[in-house]
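Report on the structure
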Amino acid sequence: QVQLVESGGDLVQPGGSLRLSCAASGIIFSRNVLGWYRQAPGNQREWVATINVGGITTYTDSVKDRFIISREIAESTVYLQMYSLKPEDTAVYYCKARDTGTGLAKWGQGTQVTVSS
């Protein structure tokens with residue numbers, strides 16, 4: 001059974017940092033494109049960052065130079081390190097894994113990040 005489990009969300013003050021984790025099971029981790037998305041109240045889910053099979057990373061403009069996506073293949077875990085957090089980063093953060101062999105995608109259940117003083 002494929003599972004993605006996010007953790008690490010929290011309440012943090014503006015300017016603070018957080019690291020989100022997404023632990024995967026039931027997938028061939030190294031064959032998946034891994035991404036982080038977020039959804040703020042009243043908004044559509046938006047893409048944040050991706051790391052592809054080759055390890056190449058891409059980011060939406062609003063988080064460039066503040067967020068870093070990485071993966072640990074041996075642990076089947078993808079991370080999102082977030083620095084200089086802003087109130088507008090407040091959202092539920094979701095990880096997504098898309099298998100490049102089958103095309104199938106799987107989402108995690110989300111973790112809440114709240115940036116507020």
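Scroll up to find the structure.
Overview of the structure. Please read all numbers here as calculations on a predicted model, not as lab measurements.

Here's the deal with the nonpolar core
Judged by nonpolar contacts, the single largest core of 26 residues is most densely connected at Trp 36, Leu 80, Met 82 and Tyr 93. Those elements giving two or more residues to this core turn out to be strand E3 (18–25), strand E4 (32–39), strand E5 (46–51), strand E7 (67–72), strand E8 (77–82), strand E9 (91–99) and strand E11 (111–115).

A few points about the pattern of salt bridges
The tally for this structure, following the rule as stated, stands at five salt bridges. Across the salt bridge formed by Glu 46 and Arg 38, the nearest N and O atoms sit 2.6 Å from each other. Classification of Glu 46 by relative accessible area gives partly exposed; the value is 34%. What makes Arg 38 buried here is its relative accessible area of 5%. Linking Asp 89 and Arg 38 is a salt bridge whose minimum nitrogen-to-oxygen distance equals 2.9 Å. Residue Asp 89 is found in the loop between E8 and E9, and its partner Arg 38 is found in strand E4; the two are separated by 51 residues along the sequence. The exposure classification of Asp 89 matches that of Arg 38, with both residues buried. By sharing partners, the salt bridges in this structure join Arg 38, Glu 46, Arg 66 and Asp 89 into a single network.

Observations regarding the packing of aromatic side chains
In this description, an aromatic ring pair is defined by two values, namely the gap between the centres and the angle between the planes. Within this structure, the stated rule accounts for one aromatic pair. Their ring planes at 65° and their centres at 4.8 Å tell us that Tyr 37 and Trp 107 sit as a pair that is edge-to-face. Taken together, the residues Tyr 37 in strand E4 and Trp 107 in strand E10 (residues 105–107) connect sequence positions 70 residues apart. Over the aromatic face of Trp 107 sits the side chain of Arg 45, whose NZ or CZ is 4.6 Å from the ring centroid.

With respect to the environment of Ser 21
Among the structural elements, Ser 21 can be located in strand E3. Taking the C-alpha atoms as reference points, Ser 21 and Leu 80, separated by 59 residues in sequence, lie 6.5 Å from one another. Setting aside anything within four residues of it in sequence, one finds Ser 21 in contact with Val 5, Glu 6, Ser 7, Trp 36, Thr 77, Val 78 and Tyr 79.

Quick look at the sheet that holds strand E1 (residues 3–7)
Spatial ordering of the open sheet is given by E1-E3-E8-E7, a layout of four strands whose pairing is antiparallel. Either end of the sheet is taken by a strand with one partner, and the two such strands are E1 and E7. Direction aside, neighbouring strands of the sheet carry axes that sit 15° apart on average. Here E7 runs beside E8; their pairing, made up of six bridges, is antiparallel. By the bridge assignment, Arg 71 is partnered in E8 with Val 78.

Looking at the environment of Gln 13
Along the chain, Gln 13 turns up in the loop between strand E2 (11–12) and E3. Given a relative accessible area of 54%, Gln 13 falls into the exposed group. Not counting the four nearest positions on each side in its chain, Gln 13 is found in contact with Val 115 and Ser 116.

Definitions and cut-offs
- Residues numbered from 1 in each chain as written.
- Predicted model: local features only at pLDDT ≥ 70, side-chain atom pairs only at ≥ 80, totals over all residues.
- Heavy atoms only, no water.
- Core = buried A, V, L, I, M, F, W, Y, C linked by side-chain atoms within 4.5 Å.
- Buried < 20%, exposed > 50% of the residue type's maximum accessible area, 1.4 Å probe, protein only.
- Helix = DSSP H or I, 4+ residues; strand = E, 2+ residues; numbered from the N terminus.
- Salt bridge = Lys/Arg side-chain N within 4 Å of Asp/Glu carboxyl O.
- Phe/Tyr/Trp six-rings, centres within 6.5 Å; stacked < 30°, edge-to-face > 60°.
- Lys NZ or Arg CZ within 6 Å of the ring centre and 35° of its normal.
- Contact = heavy atoms within 4.5 Å.
- Pairing = 2+ DSSP bridges.
- Axes fitted to C-alpha atoms, helices over the stretch in contact; angles between N-to-C directions.

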